[in-house]
There are 2 protein chains.
Amino acid sequence: MPEPTYPLGKTVVIERKGLRDRVYDLVLDMLVGQAVAPGTRLSIDAIARDLKVSPTPVREALVQLERTGLVTREPLKGYRVAPQITDGQLESLFDTRIVLEGGAASLAARHADSLVPRLEATLEEHRAVTEKVQEAARAGTLSVALLREYFTVDWNFHHLIFEGTDNPFLIDMSEVISTRVHRMRQTVLSGVTDAGDAVTEHTRIIDAFRTGDPEAAAAAMRDHIEKVRSRSRSDAHAH
Amino acid sequence: MPEPTYPLGKTVVIERKGLRDRVYDLVLDMLVGQAVAPGTRLSIDAIARDLKVSPTPVREALVQLERTGLVTREPLKGYRVAPQITDGQLESLFDTRIVLEGGAASLAARHADSLVPRLEATLEEHRAVTEKVQEAARAGTLSVALLREYFTVDWNFHHLIFEGTDNPFLIDMSEVISTRVHRMRQTVLSGVTDAGDAVTEHTRIIDAFRTGDPEAAAAAMRDHIEKVRSRSRSDAHAH
DNA sequence: CCTGAAAATATCCTATAGGATTGTCCTGAC
DNA sequence: GTCAGGACAATCCTATAGGATATTTTCAGG
(Lines give C-alpha, C1' and ligand atoms only; values in the text may rest on other atoms or scores of the structure.)
Protein backbone atom coordinates (compact mmCIF):
# COMPACT_ATOMS: atom_id res chain seq x y z
CA MET A 1 0.00 0.00 0.00
CA PRO A 2 1.56 3.28 -1.06
CA GLU A 3 1.66 5.87 1.65
CA PRO A 4 -0.48 8.93 0.99
CA THR A 5 1.32 11.76 -0.76
CA TYR A 6 0.95 15.06 0.99
CA PRO A 7 0.47 18.05 -1.26
CA LEU A 8 3.19 20.13 0.35
CA GLY A 9 4.26 21.74 -2.87
CA LYS A 10 8.01 21.76 -2.90
CA THR A 11 8.99 19.47 -0.08
CA VAL A 12 11.27 21.49 2.08
CA VAL A 13 13.87 19.25 3.62
CA ILE A 14 14.02 20.15 7.24
CA GLU A 15 17.64 20.32 8.23
CA ARG A 16 18.12 18.39 11.39
CA LYS A 17 21.10 20.02 12.94
CA GLY A 18 22.54 19.65 16.36
CA LEU A 19 23.82 22.37 18.60
CA ARG A 20 27.28 21.93 17.14
CA ASP A 21 26.19 23.05 13.69
CA ARG A 22 24.33 26.06 14.99
CA VAL A 23 27.35 27.19 16.99
CA TYR A 24 29.42 26.70 13.85
CA ASP A 25 27.12 28.92 11.83
CA LEU A 26 27.07 31.61 14.49
CA VAL A 27 30.83 31.79 14.86
CA LEU A 28 31.28 31.70 11.09
CA ASP A 29 28.88 34.58 10.64
CA MET A 30 30.74 36.52 13.28
CA LEU A 31 34.06 35.92 11.54
CA VAL A 32 33.02 36.83 8.00
CA GLY A 33 30.52 39.42 9.17
CA GLN A 34 31.84 42.00 11.55
CA ALA A 35 35.53 42.52 11.26
CA VAL A 36 37.28 40.85 14.16
CA ALA A 37 40.96 41.57 14.68
CA PRO A 38 43.31 38.79 13.59
CA GLY A 39 45.00 37.06 16.47
CA THR A 40 42.05 37.55 18.77
CA ARG A 41 41.71 34.67 21.17
CA LEU A 42 38.63 32.53 20.78
CA SER A 43 38.17 31.15 24.25
CA ILE A 44 36.07 28.03 24.28
CA ASP A 45 34.62 28.70 27.69
CA ALA A 46 33.91 32.34 26.87
CA ILE A 47 32.02 31.45 23.72
CA ALA A 48 30.13 28.77 25.61
CA ARG A 49 29.10 31.27 28.26
CA ASP A 50 28.07 33.80 25.62
CA LEU A 51 25.89 31.34 23.77
CA LYS A 52 24.61 29.71 26.95
CA VAL A 53 25.76 26.26 25.93
CA SER A 54 28.31 23.85 27.25
CA PRO A 55 31.89 23.91 25.97
CA THR A 56 31.55 20.55 24.25
CA PRO A 57 29.67 21.63 21.12
CA VAL A 58 31.77 24.77 20.95
CA ARG A 59 34.93 22.70 20.80
CA GLU A 60 33.57 20.65 17.94
CA ALA A 61 32.49 23.73 16.02
CA LEU A 62 35.99 25.15 16.35
CA VAL A 63 37.54 21.92 15.13
CA GLN A 64 35.38 22.28 12.06
CA LEU A 65 36.33 25.91 11.62
CA GLU A 66 39.99 25.08 11.86
CA ARG A 67 39.73 23.24 8.57
CA THR A 68 38.50 26.36 6.81
CA GLY A 69 41.62 28.31 7.71
CA LEU A 70 39.68 31.04 9.44
CA VAL A 71 40.98 30.05 12.85
CA THR A 72 44.24 28.53 13.98
CA ARG A 73 44.90 26.21 16.86
CA GLU A 74 47.85 25.61 19.14
CA PRO A 75 47.45 22.46 21.20
CA LEU A 76 46.89 23.18 24.90
CA LYS A 77 46.87 26.89 24.16
CA GLY A 78 43.66 27.49 22.33
CA TYR A 79 42.18 28.94 19.18
CA ARG A 80 42.83 32.31 17.61
CA VAL A 81 41.44 34.20 14.67
CA ALA A 82 43.76 33.48 11.77
CA PRO A 83 46.42 36.15 11.31
CA GLN A 84 46.11 38.85 8.70
CA ILE A 85 46.93 37.59 5.25
CA THR A 86 50.44 38.56 4.18
CA ASP A 87 51.29 40.04 0.81
CA GLY A 88 52.88 36.79 -0.24
CA GLN A 89 49.85 34.79 0.75
CA LEU A 90 47.64 37.22 -1.11
CA GLU A 91 49.61 36.58 -4.27
CA SER A 92 49.31 32.85 -3.64
CA LEU A 93 45.57 33.23 -3.18
CA PHE A 94 45.25 34.96 -6.54
CA ASP A 95 47.44 32.34 -8.20
CA THR A 96 45.18 29.66 -6.79
CA ARG A 97 42.07 31.46 -7.95
CA ILE A 98 43.46 31.72 -11.47
CA VAL A 99 44.20 28.02 -11.54
CA LEU A 100 40.95 26.93 -9.94
CA GLU A 101 38.48 29.36 -11.47
CA GLY A 102 40.13 29.24 -14.86
CA GLY A 103 39.80 25.48 -14.86
CA ALA A 104 36.25 25.69 -13.52
CA ALA A 105 35.25 28.04 -16.33
CA SER A 106 36.71 25.64 -18.85
CA LEU A 107 34.77 22.73 -17.42
CA ALA A 108 31.56 24.69 -16.94
CA ALA A 109 31.60 25.60 -20.63
CA ARG A 110 30.32 22.08 -21.28
CA HIS A 111 26.96 23.16 -19.88
CA ALA A 112 27.08 26.70 -21.17
CA ASP A 113 23.51 26.56 -22.43
CA SER A 114 21.94 26.20 -19.01
CA LEU A 115 24.60 28.25 -17.28
CA VAL A 116 24.44 31.46 -19.31
CA PRO A 117 20.87 32.42 -18.34
CA ARG A 118 21.66 32.03 -14.68
CA LEU A 119 24.82 34.07 -15.05
CA GLU A 120 22.85 36.79 -16.78
CA ALA A 121 20.33 36.93 -13.96
CA THR A 122 23.08 37.23 -11.37
CA LEU A 123 24.88 39.83 -13.43
CA GLU A 124 21.71 41.90 -13.50
CA GLU A 125 21.62 41.87 -9.71
CA HIS A 126 25.28 42.73 -9.67
CA ARG A 127 24.68 45.67 -11.97
CA ALA A 128 21.82 46.97 -9.85
CA VAL A 129 23.75 46.78 -6.60
CA THR A 130 26.74 48.39 -8.26
CA GLU A 131 24.65 51.41 -9.17
CA LYS A 132 23.43 51.67 -5.61
CA VAL A 133 27.01 51.50 -4.36
CA GLN A 134 28.22 54.18 -6.74
CA GLU A 135 25.30 56.37 -5.81
CA ALA A 136 25.96 55.93 -2.12
CA ALA A 137 29.66 56.55 -2.66
CA ARG A 138 28.93 59.87 -4.35
CA ALA A 139 26.54 60.82 -1.54
CA GLY A 140 29.08 59.67 1.06
CA THR A 141 26.62 57.29 2.67
CA LEU A 142 28.30 53.98 1.89
CA SER A 143 27.17 51.59 4.60
CA VAL A 144 28.90 48.40 5.59
CA ALA A 145 25.71 46.47 4.91
CA LEU A 146 25.61 47.70 1.34
CA LEU A 147 29.24 46.80 0.82
CA ARG A 148 28.58 43.31 2.11
CA GLU A 149 25.66 43.01 -0.26
CA TYR A 150 27.92 44.03 -3.11
CA PHE A 151 30.56 41.46 -2.21
CA THR A 152 27.90 38.79 -1.99
CA VAL A 153 26.40 39.33 -5.43
CA ASP A 154 29.88 39.66 -6.88
CA TRP A 155 30.89 36.30 -5.46
CA ASN A 156 27.60 34.74 -6.51
CA PHE A 157 28.71 35.07 -10.10
CA HIS A 158 31.92 33.18 -9.44
CA HIS A 159 30.12 30.61 -7.36
CA LEU A 160 27.63 29.93 -10.13
CA ILE A 161 30.45 28.96 -12.44
CA PHE A 162 31.79 26.51 -9.88
CA GLU A 163 28.35 24.99 -9.58
CA GLY A 164 28.14 24.91 -13.34
CA THR A 165 30.99 22.43 -13.44
CA ASP A 166 28.80 19.96 -11.57
CA ASN A 167 32.05 18.81 -10.00
CA PRO A 168 31.71 18.19 -6.25
CA PHE A 169 35.45 18.44 -5.62
CA LEU A 170 35.81 21.80 -7.31
CA ILE A 171 32.72 23.10 -5.56
CA ASP A 172 34.17 22.00 -2.27
CA MET A 173 37.40 23.82 -2.95
CA SER A 174 35.50 26.92 -3.96
CA GLU A 175 34.18 27.11 -0.41
CA VAL A 176 37.72 27.32 0.89
CA ILE A 177 38.50 30.09 -1.55
CA SER A 178 35.28 31.86 -0.69
CA THR A 179 35.99 32.24 3.00
CA ARG A 180 39.49 33.49 2.33
CA VAL A 181 38.34 36.01 -0.26
CA HIS A 182 35.60 37.36 1.95
CA ARG A 183 37.96 37.69 4.86
CA MET A 184 40.51 39.44 2.67
CA ARG A 185 38.00 41.97 1.44
CA GLN A 186 37.10 42.77 5.03
CA THR A 187 40.60 43.78 5.90
CA VAL A 188 41.96 45.11 2.65
CA LEU A 189 38.75 47.04 2.19
CA SER A 190 39.25 47.20 -1.54
CA GLY A 191 36.53 46.60 -4.06
CA VAL A 192 35.14 50.09 -4.12
CA THR A 193 37.29 51.35 -6.93
CA ASP A 194 36.45 48.43 -9.19
CA ALA A 195 32.70 48.83 -8.82
CA GLY A 196 32.19 49.38 -12.51
CA ASP A 197 35.03 47.25 -13.90
CA ALA A 198 33.84 44.01 -12.36
CA VAL A 199 30.50 44.19 -14.15
CA THR A 200 32.03 44.77 -17.56
CA GLU A 201 34.56 41.97 -17.01
CA HIS A 202 31.82 39.60 -15.93
CA THR A 203 29.95 40.54 -19.09
CA ARG A 204 32.95 39.51 -21.15
CA ILE A 205 33.05 36.19 -19.36
CA ILE A 206 29.44 35.55 -20.30
CA ASP A 207 30.25 36.46 -23.88
CA ALA A 208 33.03 33.90 -23.84
CA PHE A 209 30.64 31.25 -22.53
CA ARG A 210 28.26 32.03 -25.36
CA THR A 211 30.91 31.05 -27.91
CA GLY A 212 30.98 27.63 -26.31
CA ASP A 213 34.75 27.54 -26.43
CA PRO A 214 36.11 26.28 -23.09
CA GLU A 215 39.49 27.90 -23.58
CA ALA A 216 37.89 31.27 -24.29
CA ALA A 217 35.88 31.06 -21.09
CA ALA A 218 38.98 30.12 -19.11
CA ALA A 219 40.96 32.96 -20.65
CA ALA A 220 38.25 35.51 -19.87
CA MET A 221 38.12 34.32 -16.28
CA ARG A 222 41.88 34.39 -15.84
CA ASP A 223 41.98 37.85 -17.34
CA HIS A 224 39.33 39.05 -14.90
CA ILE A 225 41.11 37.71 -11.86
CA GLU A 226 44.41 39.16 -13.01
CA LYS A 227 42.74 42.55 -13.21
CA VAL A 228 41.25 42.15 -9.76
CA ARG A 229 44.76 41.35 -8.59
CA SER A 230 46.28 44.47 -10.05
CA ARG A 231 43.48 46.64 -8.71
CA SER A 232 44.01 45.06 -5.32
CA ARG A 233 47.71 45.87 -5.53
CA SER A 234 47.12 49.53 -6.32
CA ASP A 235 44.59 49.74 -3.52
CA ALA A 236 47.07 48.32 -1.07
CA HIS A 237 49.68 50.75 -2.31
CA ALA A 238 47.29 53.66 -2.00
CA HIS A 239 46.70 52.71 1.60
CA MET B 1 72.74 38.09 27.41
CA PRO B 2 71.96 35.64 24.62
CA GLU B 3 70.70 32.34 25.79
CA PRO B 4 73.11 29.46 25.34
CA THR B 5 72.70 27.55 22.13
CA TYR B 6 72.35 23.86 22.68
CA PRO B 7 74.22 21.71 20.23
CA LEU B 8 71.32 19.41 19.52
CA GLY B 9 72.13 19.00 15.90
CA LYS B 10 68.94 19.30 14.00
CA THR B 11 66.48 20.62 16.50
CA VAL B 12 63.64 18.18 16.43
CA VAL B 13 60.41 19.98 17.16
CA ILE B 14 58.53 17.88 19.61
CA GLU B 15 54.97 17.74 18.48
CA ARG B 16 52.73 18.36 21.41
CA LYS B 17 49.56 16.66 20.43
CA GLY B 18 46.52 15.90 22.46
CA LEU B 19 44.60 12.67 22.50
CA ARG B 20 42.34 14.01 19.78
CA ASP B 21 45.16 14.20 17.25
CA ARG B 22 46.39 10.72 18.05
CA VAL B 23 42.94 9.27 17.61
CA TYR B 24 42.70 11.16 14.33
CA ASP B 25 45.95 9.62 13.08
CA LEU B 26 44.91 6.15 14.13
CA VAL B 27 41.54 6.26 12.42
CA LEU B 28 43.06 7.84 9.33
CA ASP B 29 45.66 5.09 9.10
CA MET B 30 42.93 2.52 9.42
CA LEU B 31 40.93 4.12 6.63
CA VAL B 32 43.70 4.53 4.07
CA GLY B 33 45.53 1.42 5.25
CA GLN B 34 43.47 -1.70 5.42
CA ALA B 35 40.54 -1.64 3.11
CA VAL B 36 37.40 -1.04 5.09
CA ALA B 37 34.07 -1.50 3.37
CA PRO B 38 32.30 1.72 2.41
CA GLY B 39 29.19 2.36 4.45
CA THR B 40 30.61 0.72 7.55
CA ARG B 41 29.37 2.40 10.66
CA LEU B 42 31.96 4.19 12.75
CA SER B 43 30.44 4.10 16.19
CA ILE B 44 31.88 6.72 18.46
CA ASP B 45 31.44 4.66 21.58
CA ALA B 46 32.86 1.55 19.95
CA ILE B 47 36.00 3.34 18.81
CA ALA B 48 36.33 4.87 22.25
CA ARG B 49 36.12 1.46 23.88
CA ASP B 50 38.63 0.02 21.43
CA LEU B 51 41.17 2.75 22.04
CA LYS B 52 40.45 2.88 25.76
CA VAL B 53 39.62 6.58 25.70
CA SER B 54 36.51 8.58 26.34
CA PRO B 55 34.11 9.41 23.51
CA THR B 56 34.92 13.10 23.62
CA PRO B 57 38.25 13.09 21.75
CA VAL B 58 36.87 10.50 19.36
CA ARG B 59 34.02 12.79 18.42
CA GLU B 60 36.42 15.63 17.67
CA ALA B 61 38.65 13.42 15.58
CA LEU B 62 35.66 12.36 13.50
CA VAL B 63 34.59 15.96 13.01
CA GLN B 64 38.06 16.57 11.61
CA LEU B 65 37.86 13.51 9.38
CA GLU B 66 34.52 14.59 8.03
CA ARG B 67 36.19 17.53 6.34
CA THR B 68 38.49 15.20 4.42
CA GLY B 69 35.58 13.42 2.79
CA LEU B 70 36.67 10.03 4.06
CA VAL B 71 33.70 9.77 6.40
CA THR B 72 30.18 11.08 6.19
CA ARG B 73 27.90 12.16 8.96
CA GLU B 74 24.17 12.13 9.46
CA PRO B 75 23.09 14.19 12.44
CA LEU B 76 21.80 12.06 15.31
CA LYS B 77 22.59 8.92 13.34
CA GLY B 78 26.33 8.77 13.34
CA TYR B 79 29.35 8.48 11.11
CA ARG B 80 29.97 6.07 8.26
CA VAL B 81 32.85 5.30 5.97
CA ALA B 82 32.27 7.34 2.82
CA PRO B 83 30.53 5.37 0.08
CA GLN B 84 32.40 3.91 -2.82
CA ILE B 85 33.28 6.49 -5.41
CA THR B 86 30.92 6.41 -8.36
CA ASP B 87 32.03 6.45 -11.98
CA GLY B 88 30.82 10.02 -12.33
CA GLN B 89 32.72 11.14 -9.27
CA LEU B 90 35.82 9.40 -10.55
CA GLU B 91 35.63 11.44 -13.74
CA SER B 92 35.16 14.56 -11.64
CA LEU B 93 38.18 13.63 -9.58
CA PHE B 94 40.33 13.32 -12.68
CA ASP B 95 38.99 16.61 -14.04
CA THR B 96 39.92 18.25 -10.77
CA ARG B 97 43.37 16.73 -10.82
CA ILE B 98 43.97 18.01 -14.34
CA VAL B 99 42.97 21.51 -13.32
CA LEU B 100 44.82 21.52 -10.04
CA GLU B 101 47.98 19.63 -10.94
CA GLY B 102 48.25 21.24 -14.33
CA GLY B 103 48.12 24.65 -12.69
CA ALA B 104 50.52 23.54 -9.96
CA ALA B 105 53.04 22.37 -12.56
CA SER B 106 52.79 25.71 -14.30
CA LEU B 107 53.43 27.60 -11.08
CA ALA B 108 56.16 25.27 -9.89
CA ALA B 109 58.05 25.88 -13.11
CA ARG B 110 59.12 29.20 -11.60
CA HIS B 111 61.41 27.31 -9.25
CA ALA B 112 62.34 24.60 -11.68
CA ASP B 113 66.03 24.80 -10.83
CA SER B 114 65.62 23.65 -7.26
CA LEU B 115 62.71 21.38 -8.06
CA VAL B 116 64.21 19.23 -10.79
CA PRO B 117 66.89 17.58 -8.62
CA ARG B 118 64.33 16.59 -6.03
CA LEU B 119 62.04 15.22 -8.70
CA GLU B 120 64.90 13.19 -10.09
CA ALA B 121 65.66 11.68 -6.71
CA THR B 122 62.03 10.70 -6.19
CA LEU B 123 61.80 9.33 -9.70
CA GLU B 124 64.79 7.11 -8.97
CA GLU B 125 62.96 5.64 -5.98
CA HIS B 126 59.90 5.27 -8.12
CA ARG B 127 61.87 3.40 -10.74
CA ALA B 128 63.42 1.06 -8.17
CA VAL B 129 60.12 0.19 -6.55
CA THR B 130 58.55 -0.31 -9.97
CA GLU B 131 61.12 -2.95 -10.79
CA LYS B 132 60.41 -4.72 -7.53
CA VAL B 133 56.70 -4.65 -8.27
CA GLN B 134 57.12 -6.04 -11.77
CA GLU B 135 59.41 -8.73 -10.45
CA ALA B 136 56.95 -9.71 -7.76
CA ALA B 137 54.10 -9.64 -10.25
CA ARG B 138 55.93 -12.10 -12.48
CA ALA B 139 56.67 -14.32 -9.49
CA GLY B 140 53.09 -14.00 -8.32
CA THR B 141 54.15 -12.72 -4.90
CA LEU B 142 52.72 -9.21 -5.06
CA SER B 143 52.07 -8.21 -1.47
CA VAL B 144 49.75 -5.48 -0.34
CA ALA B 145 52.59 -3.80 1.48
CA LEU B 146 54.62 -3.56 -1.70
CA LEU B 147 51.68 -2.13 -3.58
CA ARG B 148 51.21 0.49 -0.90
CA GLU B 149 54.87 1.38 -1.13
CA TYR B 150 54.48 1.81 -4.87
CA PHE B 151 51.48 4.09 -4.50
CA THR B 152 53.36 6.16 -1.97
CA VAL B 153 56.44 6.83 -4.08
CA ASP B 154 54.21 7.48 -7.07
CA TRP B 155 52.28 10.10 -5.18
CA ASN B 156 55.46 11.58 -3.72
CA PHE B 157 56.32 12.80 -7.20
CA HIS B 158 53.04 14.63 -7.55
CA HIS B 159 53.24 15.98 -4.05
CA LEU B 160 56.70 17.39 -4.67
CA ILE B 161 55.33 19.48 -7.50
CA PHE B 162 52.63 20.87 -5.24
CA GLU B 163 55.27 21.77 -2.68
CA GLY B 164 57.34 23.28 -5.46
CA THR B 165 54.66 25.91 -6.01
CA ASP B 166 55.32 27.20 -2.50
CA ASN B 167 51.62 27.99 -2.47
CA PRO B 168 49.97 27.06 0.84
CA PHE B 169 46.47 26.99 -0.63
CA LEU B 170 47.37 24.62 -3.43
CA ILE B 171 49.32 22.41 -1.04
CA ASP B 172 46.29 22.29 1.23
CA MET B 173 44.06 21.25 -1.63
CA SER B 174 46.54 18.58 -2.67
CA GLU B 175 45.91 16.89 0.66
CA VAL B 176 42.24 16.58 -0.17
CA ILE B 177 43.09 15.08 -3.53
CA SER B 178 45.62 12.75 -1.95
CA THR B 179 43.20 11.06 0.41
CA ARG B 180 40.67 10.57 -2.35
CA VAL B 181 43.22 9.14 -4.76
CA HIS B 182 44.62 6.75 -2.19
CA ARG B 183 41.17 5.57 -1.26
CA MET B 184 40.27 5.11 -4.91
CA ARG B 185 43.32 2.99 -5.57
CA GLN B 186 42.40 0.77 -2.64
CA THR B 187 39.07 -0.10 -4.12
CA VAL B 188 39.64 0.12 -7.83
CA LEU B 189 42.84 -1.84 -7.36
CA SER B 190 44.29 -0.47 -10.56
CA GLY B 191 47.81 0.80 -10.93
CA VAL B 192 49.45 -2.50 -11.62
CA THR B 193 49.14 -2.35 -15.37
CA ASP B 194 50.69 1.08 -15.57
CA ALA B 195 53.75 0.17 -13.56
CA GLY B 196 56.09 1.04 -16.39
CA ASP B 197 54.13 3.83 -18.04
CA ALA B 198 54.03 6.07 -14.99
CA VAL B 199 57.81 6.23 -14.77
CA THR B 200 58.26 7.21 -18.40
CA GLU B 201 55.53 9.82 -18.16
CA HIS B 202 57.07 11.27 -15.03
CA THR B 203 60.34 11.45 -16.91
CA ARG B 204 58.69 13.51 -19.61
CA ILE B 205 57.34 15.86 -16.97
CA ILE B 206 60.85 16.43 -15.65
CA ASP B 207 62.04 17.08 -19.17
CA ALA B 208 59.35 19.71 -19.54
CA PHE B 209 60.45 21.36 -16.30
CA ARG B 210 64.02 21.49 -17.62
CA THR B 211 62.89 23.65 -20.53
CA GLY B 212 61.65 26.18 -17.99
CA ASP B 213 58.45 26.71 -19.93
CA PRO B 214 55.48 26.71 -17.53
CA GLU B 215 53.01 25.80 -20.23
CA ALA B 216 55.10 22.81 -21.29
CA ALA B 217 55.21 21.53 -17.72
CA ALA B 218 51.46 21.96 -17.38
CA ALA B 219 50.84 20.19 -20.67
CA ALA B 220 53.04 17.26 -19.69
CA MET B 221 51.24 16.93 -16.39
CA ARG B 222 47.80 17.11 -17.95
CA ASP B 223 48.84 14.54 -20.51
CA HIS B 224 50.05 12.21 -17.77
CA ILE B 225 46.84 12.44 -15.79
CA GLU B 226 44.74 11.92 -18.90
CA LYS B 227 46.64 8.71 -19.54
CA VAL B 228 46.16 7.58 -15.96
CA ARG B 229 42.47 8.24 -16.48
CA SER B 230 42.23 6.13 -19.62
CA ARG B 231 44.21 3.29 -18.03
CA SER B 232 41.88 3.48 -15.06
CA ARG B 233 38.91 3.24 -17.37
CA SER B 234 40.18 0.14 -19.12
CA ASP B 235 40.98 -1.44 -15.77
CA ALA B 236 37.47 -0.82 -14.56
CA HIS B 237 36.10 -2.24 -17.76
CA ALA B 238 38.31 -5.32 -17.48
CA HIS B 239 36.96 -5.91 -14.01
C1' DC C 1 3.92 -17.44 8.25
C1' DC C 2 3.72 -12.63 7.88
C1' DT C 3 2.67 -7.84 9.53
C1' DG C 4 2.82 -4.12 12.72
C1' DA C 5 3.36 -2.03 17.12
C1' DA C 6 5.64 -1.68 21.54
C1' DA C 7 9.48 -2.46 24.55
C1' DA C 8 14.42 -2.80 25.06
C1' DT C 9 18.84 -1.79 23.61
C1' DA C 10 22.34 0.87 21.54
C1' DT C 11 23.95 5.19 20.02
C1' DC C 12 24.31 9.99 19.64
C1' DC C 13 24.41 14.48 21.85
C1' DT C 14 24.89 17.88 25.51
C1' DA C 15 26.10 19.09 30.17
C1' DT C 16 29.09 18.93 34.13
C1' DA C 17 33.35 17.81 36.84
C1' DG C 18 38.14 17.49 37.66
C1' DG C 19 43.05 17.01 36.29
C1' DA C 20 46.77 19.20 33.47
C1' DT C 21 48.84 22.98 31.34
C1' DT C 22 49.60 27.76 30.39
C1' DG C 23 49.72 32.63 31.42
C1' DT C 24 49.80 36.38 34.85
C1' DC C 25 50.91 38.74 38.83
C1' DC C 26 53.38 39.50 42.76
C1' DT C 27 57.27 39.31 45.75
C1' DG C 28 62.11 39.34 46.84
C1' DA C 29 67.07 39.32 45.75
C1' DC C 30 70.94 41.26 43.20
C1' DG D 1 65.73 48.93 38.04
C1' DT D 2 65.96 44.21 36.44
C1' DC D 3 65.51 39.50 36.81
C1' DA D 4 64.25 34.98 38.84
C1' DG D 5 61.01 32.21 41.38
C1' DG D 6 56.48 30.94 43.19
C1' DA D 7 51.49 31.32 43.88
C1' DC D 8 47.13 32.24 41.79
C1' DA D 9 43.86 32.34 38.06
C1' DA D 10 42.29 31.20 33.57
C1' DT D 11 42.04 27.96 30.03
C1' DC D 12 42.34 23.74 27.72
C1' DC D 13 41.58 18.79 27.68
C1' DT D 14 39.67 14.35 29.00
C1' DA D 15 36.38 11.65 31.53
C1' DT D 16 31.79 10.61 33.16
C1' DA D 17 26.64 11.09 33.51
C1' DG D 18 22.07 11.58 31.81
C1' DG D 19 18.50 12.90 28.42
C1' DA D 20 17.09 12.41 23.51
C1' DT D 21 16.95 9.92 19.37
C1' DA D 22 17.54 5.90 16.39
C1' DT D 23 17.74 0.94 15.80
C1' DT D 24 16.82 -3.68 16.97
C1' DT D 25 14.21 -7.13 19.15
C1' DT D 26 10.18 -9.04 20.85
C1' DC D 27 5.55 -10.23 20.73
C1' DA D 28 0.65 -10.20 19.68
C1' DG D 29 -2.79 -10.39 16.01
C1' DG D 30 -4.31 -11.60 11.42
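Residues numbered from 1 in each chain as written. Chains lettered and ligands numbered in written order. Predicted model: local features only at pLDDT ≥ 70, side-chain atom pairs only at ≥ 80, totals over all residues. Heavy atoms only, no water.

1. Things to note about the pattern of salt bridges
Alright, step 1. Enumeration according to the criterion identifies 41 salt bridges over all chains in this entry.
Alright, step 2. For Arg-229 of chain A, the salt bridge identified is with Asp-95 of chain A, shortest N-O distance 2.8 Å. Of this pair, Arg-229 of chain A sits in helix 9 (residues 214–238) while Asp-95 of chain A sits in helix 4 (residues 87–108), and the two are 134 residues apart along the sequence. Per residue, the accessibility class of Arg-229 of chain A equals that of Asp-95 of chain A, and both read buried.
Alright, step 3. Residues Asp-207 of chain A and Arg-210 of chain A are paired through a salt bridge, measuring 2.9 Å at the closest nitrogen-oxygen approach. Here Arg-210 of chain A and Asp-207 of chain A lie together in helix 8 (residues 195–211), a separation of three residues that amounts to about one turn.
Alright, step 4. Members of the salt-bridge network, linked through shared partners, are Arg-20, Asp-21 and Glu-60 of chain A together with Arg-59, Glu-66 and Arg-73 of chain B. (Salt bridge = Lys/Arg side-chain N within 4 Å of Asp/Glu carboxyl O. Helix = DSSP H or I, 4+ residues; strand = E, 2+ residues; numbered from the N terminus. Buried < 20%, exposed > 50% of the residue type's maximum accessible area, 1.4 Å probe, protein only.)

2. Examining helix 6 (residues 144–165) of chain B
Residues and elements named next belong to chain B.
Alright, step 1. With 22 residues, helix 6 extends 32 Å from end C-alpha to end C-alpha; this agrees with the ideal 32 Å at 1.5 Å per step.
Alright, step 2. At Phe-157, helix 6 is deflected by roughly 25°, the largest bend along its length.
Alright, step 3. At the C-terminal side of helix 6, Asp-166 shows a positive phi close to 60°. (Expected span 1.5 Å × (residues − 1). Bend = angle between axes of the 7 residues up to and from the residue.)

3. Some remarks on the interface of chain A and chain B
Alright, step 1. The interface of chain A with chain B comprises 33 residues on the first partner and 33 residues on the second.
Alright, step 2. In total, chain A and chain B occlude about 3100 Å² of area from one another, counting both sides; carbon and sulfur atoms represent 59% of this.
Alright, step 3. Three residues stand out in chain A for area buried against chain B, namely Arg-67, Phe-169 and Met-173 of chain A, and they jointly supply 22% of the buried area on that side.
Alright, step 4. In this assembly, chain A and chain B are joined by eight salt bridges.
Alright, step 5. The partner of Arg-20 of chain B in a salt bridge is Glu-66 of chain A, with the nearest N and O atoms 3.8 Å apart. (Contact = heavy atoms within 4.5 Å. Buried area = accessible area lost by both parts, 1.4 Å probe.)

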